[in-house]
Amino acid sequence: MKAKVFIALLGVVLTLPALAHRYFFGLTEISSNQNTGAVEFIHQYTLHDVQHALSKLAGERFSLDKDNAEAVLKRWVTDNFSIKNVDGEKVNLTWVGFEADYQKIWVYQELPEQKNLCGWEVSNTLLFDTFSAQVNTINIVDEYGNRSLILTDENRTDIINCQKESKD
């Protein structure tokens, strides 16, 4: 009897990772920091999705405990997230760092000087090569209000629209 219970519990435990989540979602918030004058980019992803993608890319198990983890993460984010100004020129974001807990990872980048991002093009392909159903949402918070861009594998870039909403 104990063996049957053990096998049943083992079966449940082994299927949990497959049921962990059925959607693949990333979130980037772009906002101005009034104290520093910088435009901040905060990316949030599921940690095990990022570890899976970076393991697949490197051909070996990726872990944040490794000595080169931040360099690998920085390169991956820099290669897959970009922004171009209204002249179509790619703007380099400054790497600030990252944080992680057992479930999520947050990556921080910034433009040191506050810019008007109206008409700028955002491209985000993070995790598209790993999960075909990946959806990356970009929330923009500035003097024009709050708005979102939804990027998928079929729609990898979008333009930041800055039409002011009438609240009258």
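Predicted, not measured: the structure shown is a model, and the values here were computed from it.

Draft legend 1. View of the sheet that holds strand β10 (residues 157-159). Strands sit in the order β4-β3-β7-β10 across an open sheet of four strands; the sheet is antiparallel. Bordering the open sheet on either side are β4 (90-91) and β10, each of which pairs with just one other strand. Pairing analysis gives four bridges linking strand β3 (residues 81-84) to strand β7 (residues 121-124), with the strands arranged antiparallel. When the bridges of β7 are listed, S82 appears paired with S123. In the packing of helix α3 (residues 69-80) onto the sheet, contacts are made with β3, β4 and β7, and the angle to β3 comes to roughly 45°.

Draft legend 2. The packing of aromatic side chains, seen in detail. Evaluated as defined, the whole model comprises two aromatic pairs. Considering the side-chain rings of F24 and F131, the 4.2 Å spacing of their centres and the 10° angle between planes classify their relative orientation as stacked. With F24 in the loop between α1 (2-19) and β1 (25-32) and F131 in the loop between β7 and β8 (135-142), this residue pair connects regions lying 107 residues apart in the sequence. Per residue, the accessibility class of F24 equals that of F131, and both read buried. Relative to F81, the ring of F41 lies with its centre 6.0 Å away and its plane at 70°, an arrangement referred to as edge-to-face.

Draft legend 3. Region of the structure containing the layout of surface pockets. Approximately 290 Å³ is the volume attributed to the largest pocket. Residue lining of the largest pocket: 16 residues in total, with A53, L54, L57, W76 and N80 positioned closest to the centre. Only α2 (47-58) and α3 provide two or more residues apiece to the lining of the largest pocket. Across the lining of the largest pocket, the residue classes break down as nine nonpolar, three polar and four charged.

Draft legend 4. Main features of the sheet that holds β8. If you walk across this open sheet you meet the six strands as β5-β6-β2-β1-β8-β9, and the pairing is mixed. Edge strands, defined here as strands with exactly one partner in the open sheet, are β5 (94-100) and β9 (145-151). The mean angle between the axes of side-by-side strands here comes to 15°, regardless of whether they run parallel or antiparallel. Strands β2 (39-46), β5 and β6 (104-111) of the sheet are contacted by α2, whose axis makes an angle of about 85° with β2. Contacts between α3 and the sheet are confined to β2, β5 and β6, with β5 contributing the most and set at about 120° to the helix.

So, how was this worked out
- Residues numbered from 1 in each chain as written.
- Predicted model: local features only at pLDDT ≥ 70, side-chain atom pairs only at ≥ 80, totals over all residues.
- Heavy atoms only, no water.
- Pairing = 2+ DSSP bridges.
- Helix = DSSP H or I, 4+ residues; strand = E, 2+ residues; numbered from the N terminus.
- Contact = heavy atoms within 4.5 Å.
- Axes fitted to C-alpha atoms, helices over the stretch in contact; angles between N-to-C directions.
- Phe/Tyr/Trp six-rings, centres within 6.5 Å; stacked < 30°, edge-to-face > 60°.
- Buried < 20%, exposed > 50% of the residue type's maximum accessible area, 1.4 Å probe, protein only.
- 1 Å grid on protein atoms, 1.4 Å probe; cavity = no way out; pocket = protein on both sides within 12 Å on 5 of 7 lines; lining within 4 Å.
- Points joined across faces, edges and corners; volume = space filled by probe spheres on them.
- Nonpolar A, V, L, I, M, F, W, Y, C, P; charged D, E, K, R; others polar.

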